[in-house]
Every structure is written in structure tokens, then in C-alpha cells.
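Here is how the chains run, residue by residue.
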Amino acid sequence: MRRLLWLWSGMFAGLLLLLLALWRMQLGLGSQYEVSLERQSVRRVRIPGVRGRIFDRDGVCLADNRPGYGIAVYLEELRQAGRQARTVHAVRRLLDQVAGLTGMASPVSDRQIEEHLFYRRALPLVAWRNLGQREMARLAEAGAGLRAVDLVVDFERVYPQGAAAGHLLGYVGKLEHVDDEESYHYYLPDLAGRAGLERRFDEFLSGRAGGQLVRVDVAGFRHDEISARPAVPGGDLTLTLALDIQRAAERALEGVAGAAVVLDPANGDVLALASSPGIDPNWFCPVLPRTVWSRLLTDADKPLLNRALGGTYPPGSIFKPVVGLAALEQNVINATFTLDCPGSFKLGNQTFACYQGHVHGVVNLRRSLEVSCNVFFYQAGLMCGIEALQATSRMLGLGRRTGIAAEGEAAGLLPGRAWKQQARGEGWREGDTCNIAIGQGALLVTPLQMAVVTAAIANGGFVYRPRLVLGRRRTLSAGFQEEPPVMVRKINWRPGNLDLVRAGMLDVVQGSAGTGRRGQVPGVSVAGKTGTAEYGRKQDGRKHGWMIAFAPFEHPRYAVAMVVDEIATAGGAEVGPRMRQLLCSLFQVPEESI
Amino acid sequence: MRRLGILFRRMDWSVVLAVILLLGIGVAFIFSAGQSQSAAYQTLYLKQMLWAGLGIVCFLGFAFTDYHHWYHRAWWLYFLGLALLLLVFVPGIGVRISGARRWIQFAGVRLLQPAEFAKLGLILALARLFGAPARNPRHRRLILIGLGLTLAPFFLIASQPDLGTALVLLPVLGGVMLAAGVPARTLWGLAGAGALVLAAALILLLAPPALGWDEARHEILLERCGISAYQKNRVMVFLKRDADPLDAGWNKAQSQIAVGSGRLWGKGFQRGTQNILGFLPRTVAPNDFIFSVIAEEKGFAGSLTVLSLMAVIIYGGLRAALAAPDRIGRLLCAGITALIFCHVFVNIAMTIGLLPITGLPLPLLSYGGTFMVGAMSALGIVQSVYIRGERN
């Protein structure tokens, strides 16, 4: 009898051992097994957020998302026992069936099915994208009988305004790599900003990707979806751009390569920022054909360049108001200071001519601005010196990026002694100062910089950082966050000095001898300055045409800078009419009334 | 009829209840394990219900039949078992399924696994040998005969090959001899000899690779000693944590994940991901690995329930042995209880990685007809002893 008790004790001990082991495994180490369970049966899928939209200041949509419907095939319902080729065959058969119903050729090859089975087995295979209404209707009719087929929605980027502000908006491309803090097994197609605002604000616009956990079975097919962290849609951007002004600026540049920038002098808002030739961001969606891309890259007109802020040009005569202000502030000239212009100016053995050898006679500052007398500014520039010119220019923001919230801005070049020593290994000469004084030499500016200069002259010396983004809205429920205008500095020009320059600029357009008369707009007093900037080799005689303008003179609402890459005659003659066209649109003056 | 009523009332109702509960649990989880699978597996639980019904009939039949009836026919039954075991090797009758001949078929229909029959036959024969009146269990010849009786089916089953089932016969012999009063010294000696054999096998498995033998040479050596590459693999998988994670190690790893991730209350009936998603191999989940399914879906609570019910049955077996009216009854109960215990212990230990993977089913829970009938008959014999036992 005691032996039976021994036997029982042994067995009881055995059962107890099992119980302890189970205790340890299920309650002690359980979480460790749960981790391995997760690892082997759960796949993380990255789900991109819906990209935010971009609006102009009046709420007109510039960049939007269009839902595109696609047909997805759920592989787990088609799987066949045995070799994978049988599953591929089953998928193929279904695709052919759908193709027959909808009348669309199947875009997926057997090889792609195999690849999908290999790499993305847990995800449905999206066989068709961007279904038309007709295909959708046909599928809906036949859909009930189709197993393992479903409609899926994804979003495609569209730019409803076509090429308007195309450079500024930029475009999106397929996201290649995702460096997320989390690692995923699968990625769904996502968009990434490739240029322009789409790139600059990519993080904001793209929102936060969501994750989905897909439970797979032992063969790796989708079993169910466990839980998902929803994707956070991207935020919306509102620009300071006004679509009608943008359109007008682009129209004014029709047929030429060039750029135009319209700023609000009161706060630096960018109302229009146009570059010609333009690009339509829709070309890039969903994918830009390689041939178009290579054409864009090799085109002599460089359509991909946003000239308005990335193009650097010698300013030519539109720099003269800056020189005038510098000389006035240096007290080397005043309102009554006059010079006699014989058509040229001799410095040592060098001769600096007035434009096309014009003889302007006795001119003061105001008159020399109106007629754009080079001789006056050579001497005014020499009298105040390169340092003073540089200082005034720098205060107005030349020689460095304005800091606009856009991609591809250039800094331009504001040369001086140090620059020349470093870049050319030579000392600065007075002749260099003469060249700078008429906006030539090594001086380079962007249209945007000149618009800022124009705005500062128009508003009494307030230099603003051009504001492109009026505000943003991170989520639908969040409020609209305005980005306040940023004033870089207030330049304290002595009273009278600025008025004098402004008066000269008014004469440029409104005066009888003004070079910018073609920019006149009936009923609006326009002030401005024209420029004809030579570039390249002298014997080629190539010229950029410029005009800056602000209006109305008394209470300026717009400051404009416009450049045309290639002109035959002079800035006033060729850019002036374009400026007038733009100003007429701005003030809603019918052009025929002139 | 009145006599039958008395017998019925004298049954050990705690054991009967435990048996019925376990049968129900088994059917439920075979249902659960089959649902995500092909149609054949989905209806497996219906067949198991049939087997359970048949098992209950056998249980009652054996319980109400005086066990002396079988005792008198013990030799017949024993040799019938051996004959059936031999039939497995006859082409056309023995079926080879995944490398092992464990089944007897007739006209293409799989009938039974003779090993299950032979186990009962052996227990009866050992009870007859040691339990016959006026036999001195200390007699060395008796012990040698007992050893011989055990080793005959042992080798036949081991060469099917089914080493796991064969090994179960040894503790059965031990249990019977212990209950029969074989001197402790002899028992220790036998246990020591068994340990030596085990140690030798382990050395054969582990030493040559450590000495730098190449695999082919090692396998030849093992084969000469009667260890197949398959068995070696099973043991290596058990000994090395992550050996062969895709093949032999898969079942072990997946079973452990299933059990471990069950936590306290489990994932819920039909919610076991390891089970539903097929990580727990679909072919073994309803039979050898049914405990993994239960442990995953019902957690530690489920494990505890199953172990407790098994303990009730095992304790009931020992109680029957204590109450047995004679030595024969006591030996029968000891042998059968040892058999049941070995199945429970080895099966659960293997599902949680404490022992190498062997094909031992879990009594009353695992799917399978022959095993169900065998186990229920055995438990019926225990009841037969208990019913006729003395009560204090």
C-alpha cells in the first residue's frame, strides 16, 4: 500500500512540475512569447496621410487631391493549394474576367503578380488605378458576382489652376524612401514634394502616415486587420498669392522668357510671382514622361527655372534710385545738385557713355532718373563711393536671399572691394564703381529682390521679408494660424531724400521725357524705373529689359518688378507695355481705353 | 438489471465526471482547431464525438464486466496484440504513413493502431504474471519474464518506428512491478540500467560532433546503434534552442509560442491566432498538439483545468488500486494509471518544450479513434476494479 502512495506521489509531482512550467511560460514569460507571436504574424503597413491643399489668399484652391478609384484583388481569397503558379493562375483568371467586364486591358503581368506574391503578399494587389465613370459603372453592375475584388480609393495630386504659379507650387513625385522612426513591412504609395512649395512644406503638407497592422497566416496571406493608427492628413497652406494677379502677371509675360513679382508694399505680401516660360505641375502627375522631362531639362529657355526668385540678372538702370538714395544720404548731392551730360564720361583713359550716346545736358537727380542719365550716376556713384553704395544696397536686401518661404531662391551678388580681391584677385577700381552705379558690372539681383527694393521705396523705407504663406491650418478643427509679416528693417532716410527719388521715379512714367511712359495707366499715377541691362560679351549686345513700378504714387498698393530676358531695344520700350498691361489688370482699367 | 444499477451507483463518479468533461473539452477544441482549415478538418470534431461515444460504450462495458474475465484471457489478448503488431509489417495490411507503419488497414480502410491494443494486452499480461496467487514477486525469473513480455512489443513498436509509444511501455512495467511488490533494489537496478541506456544514446548523439566527426559518419554510427536520423533530429531540436527552426523545430517553437501567448485567460475560444492562422501545424493541432490549442485559447486557466481533471483521473486510478479486492485489480489499476500518466506528462511536456517532440497523444482530448477506444477501455477496467473494491 505504501508503494502505491509512492507511485501516486511521483505522478503528482510530475503533474505539479507541468503546472509550474506552464505557470512560468504562460504567466511569467508569456509576454516574450507574445512578442514572437507578433513578430511572426503581424505586418505593419504604412498608410500615407492625405496631402494638404494649397490655396491662394482668397481661398481659391491651387493644389488639391482628387480621389482616384482603383480595383484591388484580395489574394488571400484566391490562394490555391500547391504550387504558387496555381495561385498566380487564379489571379490571372480573375483579372482577365474583370478586364472582360470593364473593357480595360489588364495592366498587370504574370511576373508582377508573382512579385506581388513574393514581396507584398499580405496586401491586396491594386490592378487598375484611375478608373473612369464608365468602368466604375460596369464594375458595379457585375461586381456582385466577383469574389476577391474590391474598389480602393487613393488620392492623386491635381493643380486645378493648371500652369498658374506652377513654379511656385512645384510638384510631387512618388516617395521612394521613408525614414520613419517606425519600421514597416509594407509601404503604400505616397507622394513627396519634389519642387517648389510642395517640397518646401512637404512635411507639413504630407501629414503623418498612419499604420495598420495586418495579421497574416502561416503562408503570409492577409488574415485580418488588427488595429490601425489612422493617418493624420496634411495641413493646408494659404498663400498670399492672389490668383487673378498671378494670372495677370503670367499674361504680361506671354511669349517671352522673364519674370514678374508683385508685392504689397504695406506688408511684403507676395501677390504674384510669375516666371515665364511656365510649367504646369499637372504634367508631373502621376508621372512625368521621360521625354517631357528631358525636353524640360534641355530647353534653352530653362522652363524649370523659377526666374522670379532664382534668376539673377544685372539690374541696369533700375538700380539708379538706390544710387541716388545713397548719394543723397551721403550728402554728396542734393536736390539742387546739377551736372552737365555731354553724352559720355571720361575716367582716366576710360570712357563711360550714356545710353546710346544720349546727350542729356544739364540734369539734376530728378531729371537724371526720368531720362536715365548714366553720366549723372557715374559721378554720383564715384562721389559717394562703393562702400556707401554697398551699404544702401545691403540695407535694401540686395546680395542676399530675401528669405521668402519658397524653393530655389538665389542670393544675387553685391560686389565690393573684398569680393573683387577674393574672386578676381584684383583691387577695386573707380571704373568698377561707375559700372555698379548704373547697375552693371558684377552686380546681380533677382526680380524678387528688386520688388522688395521697389516696395521699400514705395512705403517709405520699410524692408519686408516677402511673405508668401499667409497662414496655415494644420487640421480641419484647428484654427487658421496666420504667419505675421516680417519687417526686416526700417531705413531712416532723411525726409526729402526719399521724396526726391520718388518724384524722379514718378517722372519716369508720368513725365514727358520719361523712359517709362509706356507704363502709364489712365487714372493711376504710376512711379517706376526702367532698365536695360547689358550682359554677356559686349560685341553680342545682349540685353535684359527691366522695369520696376509702384502705384498709386500717393498711397502705393502694389510694387512690381518685371524682367524680360532678351530685348532688342530698351527696357522702357519693351517691358513698359507689359508693365502697363499688368498694372491695368491690377487697377481693373480696361486696356483699350489708352 | 438491478445488479447493473448497483454497479452503476458504485462507480467513481468524480472520475466519470472528469472523463466526460475532458471528452467535451476535447471535442470543443478539435472543433476550434479545425475551423480555419479544409473541410476534412472542419468536421473532425463530429468524428471525435463518434469516437467519444464509442469510448463511453467501451468504458461502461469494461466497467460492468468483471475484470477477472480479462485476467483469465490475458495471454490470449497479449499475443493477439503482438500478432497485430506484426501485421503492421505485412505489405497490404500495414499502412505506411509519413515513414511509419502504425496502422492496420483492411480493404483500404484504416482500422486501428495495434500499438494501442498491445498496450492493454501488455498490462493484462503483466497483471497476470505478477498478480497470480501464490507467486513470489521477488522471484528473479518472474522479473525477467516481465521484462521479456515488455520488451517484445517494445521492439515491435520501436521499429514501426514509434519510439515514443514504445518508451511508454517501460514506466507501465515499472508501475506494475512497484505495485506488485518487486524489491526496491531490483527496481532501482532496472531504472539505473534504463538511465545508462539513455546516457549512452545521448553520448552517441552528442559526442561525435563535438569530436569533429562529419555528419555522414555520425549518422552511419547512429544507424548501426538503431537511432534514425529523424530521431536524432527530434532530440537535437529539443536540446538546442533554435536548431532547425523551419522543419523539426517549427512545431516546438510554434507550440511554445501558442502556449506562452495564452497568458492567464487565453485569447478566447476560436481566437487563438497560432491556431487559426495555421502557425500551429494544421495536421497536428487536433491530435498531438491539442493541448497547445487549449492553452492558447483558454490560457493558464485552461491548462490548470485540464491538468486538474487529469489529476482527478490519475488519483482515481490510484484510489481504485488501493480499494482493489485483490492483487490483480491493484496491478491493473497501477499499470493503467501509469500509462495514462505517461501520456499526459509526455504530451504536455513536449508541447511546452520540456521533452522532445514525440507522437504521444493526450488521453481523452486528442483526436483519434483507436487511442480513444483504448484509453476509455483502460479507464473502464479501472472502474471495474473500483466498483468491486472494498470501501471503508
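For the structure, see preceding data.
Reading the values: the criteria
Residues numbered from 1 in each chain as written. Chains lettered and ligands numbered in written order. Predicted model: local features only at pLDDT ≥ 70, side-chain atom pairs only at ≥ 80, totals over all residues. Pairing = 2+ DSSP bridges. Helix = DSSP H or I, 4+ residues; strand = E, 2+ residues; numbered from the N terminus. Axes fitted to C-alpha atoms, helices over the stretch in contact; angles between N-to-C directions. Core = buried A, V, L, I, M, F, W, Y, C linked by C-beta atoms within 7 Å. Buried ≥ 20, exposed ≤ 12 C-beta atoms within 10 Å, placed from the backbone. Contact = placed C-beta atoms within 7 Å. Expected span 1.5 Å × (residues − 1). Bend = angle between axes of the 7 residues up to and from the residue. Nonpolar A, V, L, I, M, F, W, Y, C, P; charged D, E, K, R; others polar. Parallel < 35°, antiparallel > 145°, perpendicular 65-115°, else oblique. Left-handed = near helix turned anticlockwise from the far one by under 90°.

**Student:** Just to check I follow, could you spell out the sheet that holds strand 1 (residues 94-97) of chain B for this structure?
**Tutor:** What holds strands together in a sheet is hydrogen bonding between their backbones, with the strands either parallel or antiparallel. Residues and elements named next belong to chain B. Strands sit in the order 1-2-3 across an open sheet of 3 strands; the sheet is antiparallel. Lying at the two open borders of the sheet, with one neighbouring strand each, are strand 1 and strand 3 (109-112). For this sheet, the mean angle separating the axes of adjacent strands, direction not counted, is 60°. One ladder, built from 4 bridges, connects strand 1 with strand 2 (residues 100-106); its direction is antiparallel. Within strand 2, the position partnered with Gly94 by the bridge is Ile104.

**Student:** Looking at this structure, I do not really get the pairing of strand 16 (residues 350-353) of chain A. What am I missing?
**Tutor:** In the case of a regular strand, side chains alternate between the two sheet surfaces. Residues and elements named next belong to chain A. Where strand 15 (residues 344-347) and strand 16 come together, 4 bridges link them in antiparallel fashion. Across the sheet, Phe345 pairs through a bridge with Phe352, a residue of strand 16. Following strand 15, the chain reverses through 2 residues before pairing antiparallel with strand 16; Gly348 in that reversal takes a positive phi of roughly 60°.

**Student:** Before we go on, may I ask you to explain the nonpolar core in this structure?
**Tutor:** Here is a general trend for soluble globular proteins: nonpolar side chains tend to be buried in one another's company. Counting residues in each nonpolar core, the largest one holds 127 residues, and the members touching the most others are Leu126(B), Ala127(B), Val176(B) and Ile290(B). Per-element accounting of this core gives the leading share, 16 residues, to helix 16 (residues 327-351) of chain B. Leave out the neighbours within four places in its chain, and Leu126(B) touches Gly146(B), Leu149(B), Leu173(B), Val176(B), Leu331(B) and Gly335(B). By size, the runner-up hydrophobic cluster in this structure holds 120 residues, among which are Val322(A), Leu389(A), Val445(A) and Leu470(A).

**Student:** Whenever I open this one, helix 10 (residues 184-210) of chain B confuses me. Can you help?
**Tutor:** Each turn of an α-helix holds 3.6 residues, which means side chains three or four residues apart point in the same direction. All names here are of chain B. An ideal rise of 1.5 Å per residue puts 39 Å on 27 residues; helix 10 measures up with 37 Å between its terminal C-alpha atoms. Along helix 10, the helix axis deviates most sharply at Leu204, where the bend reaches about 30°; the proline Pro208 sits within four residues downstream. Counting buried positions along helix 10 gives 0 out of 27 residues, so the element sits mostly on the surface. A positive backbone phi angle near 90° is found at Gly212, which sits one or two residues after helix 10.

**Student:** So what exactly am I meant to see when it comes to the pairing of strand 11 (residues 236-239) of chain A here?
**Tutor:** Residues and elements named next belong to chain A. Side chains of strand 11 alternate between two faces, with Asp236 and Thr238 and Leu237 and Leu239 buried alike. Strand direction decides the pairing type here: strand 2 (residues 54-55) and strand 11, joined by 2 bridges, are parallel. Pairing of Ile54 across the sheet is with Leu237, part of strand 11. Bridge count for strand 11 against strand 19 (residues 469-473) is 4 bridges, and the pairing is antiparallel. Across the sheet, Leu239 pairs through a bridge with Val469, a residue of strand 19.

**Student:** Any chance you could explain the environment of Trp213(B) here in plain terms?
**Tutor:** Residues and elements named next belong to chain B. Note that Trp213 resides in the loop between helix 10 and helix 11 (215-224). A count of 14 C-beta atoms within 10 Å places Trp213 in the partly exposed class. If sequence neighbours within four positions are ignored, Trp213 has contacts with Pro208 and His218.

**Student:** Please clarify how the environment of Ala411(A) should be interpreted in this entry.
**Tutor:** Residues and elements named next belong to chain A. Mapping Ala411 onto the fold places it in the loop between helix 14 (374-395) and helix 15 (417-423). Since 15 C-beta atoms lie within 10 Å of it, Ala411 is described here as partly exposed. Here the alpha-carbon distance between Ala411 and Arg401, two residues 10 residues apart in the chain, equals 4.4 Å. What Ala411 contacts, discounting residues up to four positions off in sequence, is Gly399, Arg400 and Arg401.

**Student:** Quick question: what am I supposed to make of the sheet that holds strand 23 (residues 542-551) of chain A here?
**Tutor:** Residues and elements named next belong to chain A. Taking strand neighbours across the sheet as the criterion, the 5 strands line up as 13-12-24-23-22 in an open arrangement whose pairing is antiparallel. The sheet terminates laterally at strand 13 (269-276) and strand 22 (527-535), the two strands that pair on one side only. Sheet twist, expressed as the average angle between the axes of neighbouring strands with direction ignored, equals 10°. Taken together, the 6 bridges between strand 12 (residues 258-264) and strand 24 (residues 558-567) define a ladder with antiparallel strand orientation. Bridge pairing in strand 24 links Val261 to Ala561. Where helix 9 (residues 243-252) meets the sheet, its contacts fall on strand 12 and strand 13, and the angle it forms with strand 13 comes to roughly 30°. Contacting strand 12, strand 22, strand 23 and strand 24, helix 19 (residues 571-586) crosses the sheet at an angle of about 35° to strand 23.

**Student:** Any chance you could explain the interface of chain A and chain B here in plain terms?
**Tutor:** How big an interface is tends to be expressed through the accessible area that disappears when the partners come together. With 29 residues of chain A at the contact, the number on the chain B side is 37 residues. The set of elements that each furnish at least two residues to the side of chain A that touches chain B consists of helix 1 (2-28) and helix 2 (30-41) of chain A. Looking at the side of chain A that touches chain B, the element that brings in the most residues is helix 1 of chain A, giving 15 residues. Across the side of chain A that touches chain B, the residue classes break down as 17 nonpolar, 8 polar and 4 charged.

**Student:** Explain the packing of helix 7 (residues 114-131) of chain B against helix 9 (residues 163-180) of chain B here, please?
**Tutor:** Relative placement of two packed helices is described by the angle separating their axes and the distance separating the axes. Residue and element names in this part refer to chain B. Look at helix 7 against helix 9: their axes get within 10 Å of each other, and the N-to-C directions meet at 20°. Viewed along their axes, helix 7 and helix 9 adopt a mutual orientation that is roughly parallel. Crossing angle aside, the handedness with which helix 7 passes helix 9 is right-handed. Between helix 7 and helix 9, the contacting residues are Ala115, Lys119, Leu122, Ile123, Leu126, Ala127 and Phe130 on the first element and Thr165, Leu169, Val172, Leu173, Val176, Met177 and Ala180 on the second. Here the residues of the contact of helix 7 with helix 9 sort into 12 nonpolar, 1 polar and 1 charged.

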